[in-house]
Amino acid sequence: MLRCFMFLCLSIIAVVMAGCSEYTREVSINADGSCSVRTEILQDRKQFEQQLIWWKGYRAGEAVQETPVQQVVVEEEDEFEDAAPAKEKEKTIASAKAAMSEDELKKIAADFVVNGFSFKTDKENGIVITLDSIAFEGDMVRVCATRSYKTVDSMVNDSERVLGESGLDRIRIYENENGTTSYVFYWGADIRRQPSTLAEKLRLGGAKVSVKLNLPGKVVSSNLPLIEGNSASIIVEGAKGADEKLIELACRKIRVDTEKVELKAELPIDSREYKLAAHRAANHDKYGLQLTRAGEGFVVEPVDVKVPEYAFSQKERAAMARIVTTSSRAYEENAARIETRIFVPEDRRLFTLSDWRIIRAVDDKVRLVEEPDDDFFGGYSNTFNSADEDTRKSTFTLRMELPEADAKSISMLEGSVVAVTRGPWKRINVGEAAANGNKEISLEEILPGAKMKITSVESTGQDDAERSKSASVNIIVTGPAEINRLTFDISVEGAYSTSSYNYMDGTNEEDGHYVRNLTVSYHSWKKREKTFGKPVLDVLYPSDLKREEVFFTLRNCDLY
């Protein structure tokens, strides 16, 4: 598929690869709630023309290979697949051999604005993109386009797609207790994890890069170096690389505090909340449970706070911020962690725990401390499906940015976690865990309509016949959607201890009928004088499942 149009989707690092001489991104938020993101680039005309040829070929119905723009060889016919009509293909290739006129360049660029991919106009949601101007300056071309929004919410909701091209990612807007309004813009992972190479990339590219924020109120303070009236900005002369201030800024975030102005929007606004909503919609709970706010009986408490050693020294912290590498683990070390324990109500037990996050945290000097933005949801989940586990409690880890060096504690932290809890197990013993071909075993007693069969049993690892034994049991379950809730547990006769777990688990729907394939592995230990008996399979179904979001507040978590 055609790569998105480079002149509108450059990140600060990608500027180097696209051959731009200048790159400007200007974000404006107005008091009436309307917003705009203006992009201007100065680029070599030949490269710009190649990009337009690429787009023109795609619009003509040709499938163009995923090749970097600079390497496209438009003269050779094999750049296009045979799917397009021959005459249309010949016409497109012929036009590619000759330089385009200025009028033709403008026409094709305008066509992309209307019919492009990630930048397509979305009038239904109040999003409009316009090609403001194309100006030719010798061998260079200057292009300016603007994406406009009716509301602040629509721009914040679109932040990953729009701000991401300038290297920015998340947006937060909130009011402070001192009467100011904060606008916080977070760098995306590409820049945040590569600050040590940022200077060299900019120097090699030689491009002049600038990011400017225009806000409703007068700027009171900002970590951006240039402040004038309602604006804060940064300009980087690429040929000079990047100074330490820019590298340190790239490790953190852009923050601008302004005088309070009545903004037509309900604050706070956080693009992370939109991401979370989209994540939950796309990854609907596999157990078919609606998410509700938790009732009484849940208790959440801090267990331990872990801060990297270098956090004790302002100088050491600054040095570490400048040498963060592309390693995700290295980035994670640039964070504080709060080990947290959750207790569920006395008559409930945990089934799954997921999506734990920080909503708001302040240190002992009432300064905001936030959660790093990378992978904050989606990958975090614990499942508790062992029949023998007493799962009334569990732990999870909250990650946050390093507090300021003089902070002694996190005085207040608000967060949430999603807990699926259950009542007692419903249990049925189906006998020996042995392959039974196509013979189906009814699970009607615990789940109406459910059946299962054991397709195979495979020995795993190097068993010690005297002391241990292990195997994997492959199972197919059919029935209603609720078969996802079933858990399988194996015990071995004669063993003093057996551990088993479910894995390689997947469910498919076939004409309203569900089929689940999974593997249950077990490992048993016995005393030498004992003899292993047969493995016995229990099937369990949780009663009264509830999926709840638990909101909690932690106070006075000492850092040192």
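What counts and how
- Think of each chain on its own: its residues are numbered from 1, step by step along the sequence as written.
- Side-chain atom pairs in this predicted model are given and counted only at pLDDT of 80 or more, local residue features only at pLDDT of at least 70, and totals for whole chains, interfaces and linings cover all residues.
- Side-chain figures throughout are based on the complete set of non-hydrogen atoms in the structure, without hydrogens or water.
- Helical segments are the DSSP runs of H or I of at least four residues, strand segments are the runs of E of at least two, and each set is numbered from the N terminus.
- Relative accessibility decides the category of a residue: with a 1.4 Å probe and only protein chains considered, values under 20% of the type maximum give buried, values over 50% give exposed, and everything between is partly exposed.
- Throughout, a residue-residue contact means that at least one pair of heavy atoms, one from each residue, lies within 4.5 Å.
- Values of accessible area rely on a 1.4 Å probe in the Shrake-Rupley scheme; residue burial ignores everything except the protein chains shown.
- For two strands to pair, DSSP has to find at least two bridges joining them.
- Only C-alpha atoms enter the line fits that serve as axes; for helices the fit covers just the stretch in contact. Angles between N-to-C directions range over 0 to 180 degrees.
- To pair, rings of Phe, Tyr and Trp, with the six-membered ring standing in for Trp, must have centres within 6.5 Å; the planes then decide the type, stacked if under 30 degrees apart, edge-to-face if over 60, and tilted in the middle.
- In this scheme, Lys NZ or Arg CZ marks a charge over a ring once it lies within 6 Å of the ring centre and within 35 degrees of the ring normal.
- Throughout this description, the term salt bridge denotes a Lys or Arg side-chain nitrogen within 4 Å of a carboxyl oxygen of Asp or Glu.
- A score from 0 to 100, pLDDT tells how confident the predictor is in each residue.
- Take the buried residues of types Ala, Val, Leu, Ile, Met, Phe, Trp, Tyr and Cys, join any two whose side-chain atoms come within 4.5 Å, and each joined set is a nonpolar core.
- Any helix carries an expected span of 1.5 Å times its number of residues minus one.
- Counting of polar contacts relies on pairs of N or O atoms within 3.5 Å, with two restrictions inside protein: one atom must be capable of donating a hydrogen and the other of accepting it, and residues adjacent in sequence are counted only when both atoms are side-chain atoms.

When you look at the overall build of the chain in this model, what are you seeing that I'm missing?
Check the secondary structure of the chain and you find 12 helices and 28 strands. Scored against the burial criterion, the 560 residues of the chain give a buried share of 50%. The contacts of the chain with a sequence gap of at least 6 include a subset with a gap of at least 24, amounting to 73%. Carbon and sulfur atoms provide 46% of the accessible area of the chain, an area that totals close to 26500 Å².

Mind showing me how you'd approach the sheet that holds strand 27 (residues 535-542) here?
In sheet architecture, strand pairing relies on hydrogen bonds along the backbone and comes in two forms, parallel and antiparallel. Pairing within the open sheet is antiparallel, and its three strands lie in the order 20-27-24. Unpaired on one side and paired on the other, strand 20 (425-432) and strand 24 (487-492) mark the two borders of the sheet. Geometrically, the sheet is characterised by an average inter-axis angle of 25° between neighbouring strands, direction not taken into account. In this structure, strand 20 lies alongside strand 27, joined through six bridges in antiparallel fashion. Residue pairing across strands places Arg 427 opposite Leu 540, the latter belonging to strand 27.

How should I be thinking about the environment of Thr 391 in this particular structure?
Inspection of the secondary structure assignment puts Thr 391 in the loop between strand 17 (381-383) and strand 18 (393-400). Note on Thr 391: relative accessible area 4%, which makes it buried. Residues Thr 391 and Phe 351, spaced 40 residues apart in sequence, show a C-alpha to C-alpha distance of 7.9 Å. Once you skip the residues sitting within four places of it in the chain, Thr 391 turns out to touch Val 344, Arg 349, Leu 350, Phe 384 and Arg 422.

In this structure, what is going on with the packing of aromatic side chains? I would like to understand it.
Two measures describe an aromatic ring pair: the distance that separates the ring centres and the angle between the ring planes. This structure, assessed with the given rule, holds five aromatic pairs. Here the aromatic residues Tyr 287, Phe 351 and Trp 425 are joined through ring pairs into a cluster of three or more. Between the NZ or CZ atom of Lys 526 and the centre of the ring of Phe 532, over which it lies, the distance is 5.3 Å.

Where do I start with the pairing of strand 16 (residues 349-363) in this structure?
One face of the sheet, then the other: side chains in a regular strand alternate in exactly this way. The buried fraction of strand 16 amounts to 12 of the 15 residues, a majority that puts the element mostly inside the structure. The pairing of strand 16 with strand 17 spans three bridges and is antiparallel. Within strand 17, the position partnered with Thr 352 by the bridge is Thr 383.

I tried to follow the pattern of salt bridges on my own but got confused; where do I start?
Throughout the structure, instances matching the rule amount to 19 salt bridges. Residue Arg 38 pairs with Glu 40 through a salt bridge whose shortest N-O separation is 2.5 Å. With relative accessibility at 27%, the residue Arg 38 sits in the partly exposed group. Taking relative accessible area as the criterion, Glu 40 reaches 17% and is therefore assigned buried. Put simply, Glu 175 and Lys 260 hold a salt bridge, and the shortest N to O gap is 3.7 Å.

Explain the confidence of the model for the chain to me, please; I cannot follow it from the model alone.
Caution applies to low-pLDDT parts of the model: their predicted coordinates are not meant to be read in detail. Residues of the chain with pLDDT of at least 70 account for 70%, and the chain-wide mean is 77. A low-confidence stretch, residues 1-17 stays under pLDDT 50, and its non-local contacts, those more than four residues away or across chains, total 70 contacts. Here residues 319-332 is modelled with pLDDT under 50, and outside its nearest four sequence neighbours on either side it reaches 25 contacts, counting other chains as well.

Would you mind showing me how to read the sheet that holds strand 12 (residues 269-270) here?
Strand order in this open sheet of five strands is 8-11-6-5-12, and the pairing throughout is antiparallel. Sheet topology places strand 8 (219-222) and strand 12 at the edges, where each strand pairs with a single neighbour.

So what exactly am I meant to see when it comes to the pairing of strand 6 (residues 180-187) here?
For strand 6, a buried count of eight out of eight residues is recorded, marking the element as mostly surrounded by other parts of the structure. By the alternation rule, side chains of strand 6 split into Thr 180, Ser 182, Val 184 and Tyr 186 and Thr 181, Tyr 183, Phe 185 and Trp 187, which are all buried. Hairpin remark: strand 5 (residues 168-175) followed by strand 6, antiparallel, with four residues in the connecting loop; positive phi at Gly 179, about 95°. For strand 6 and strand 11 (residues 253-259), the ladder comprises seven bridges, and the chain directions are antiparallel. Pairing of Thr 180 across the sheet is with Glu 259, part of strand 11.

Please clarify how the nonpolar core should be interpreted in this entry.
Soluble globular proteins tend to bury their nonpolar side chains together. Counting 29 residues, the largest nonpolar core has Leu 353, Phe 396, Leu 398, Met 400 and Leu 413 as its most contacted members. Within the residue set of this core, elements represented by two or more residues are strand 14 (299-306), strand 15 (336-343), strand 16, strand 18, strand 19 (409-422) and strand 28 (546-558). In this structure, Val 156, Phe 185, Ala 232 and Ile 269 belong to the second largest nonpolar core, which totals 27 residues.

What's the story with helix 10 (residues 271-282) in this structure? I'm lost.
In an α-helix, one turn spans 3.6 residues; hence positions three or four apart end up facing the same way. Between its first and last C-alpha, helix 10 extends 17 Å over 12 residues, near the 16 Å set by a 1.5 Å rise per residue. Regarding helix 10, the residues found buried are Ser 271, Arg 272, Lys 275, Leu 276, His 279 and Arg 280. Regarding helix 10, its N-cap is Asp 270, as a side-chain oxygen of that residue lies 2.9 Å from the backbone nitrogen of Arg 272 further along.

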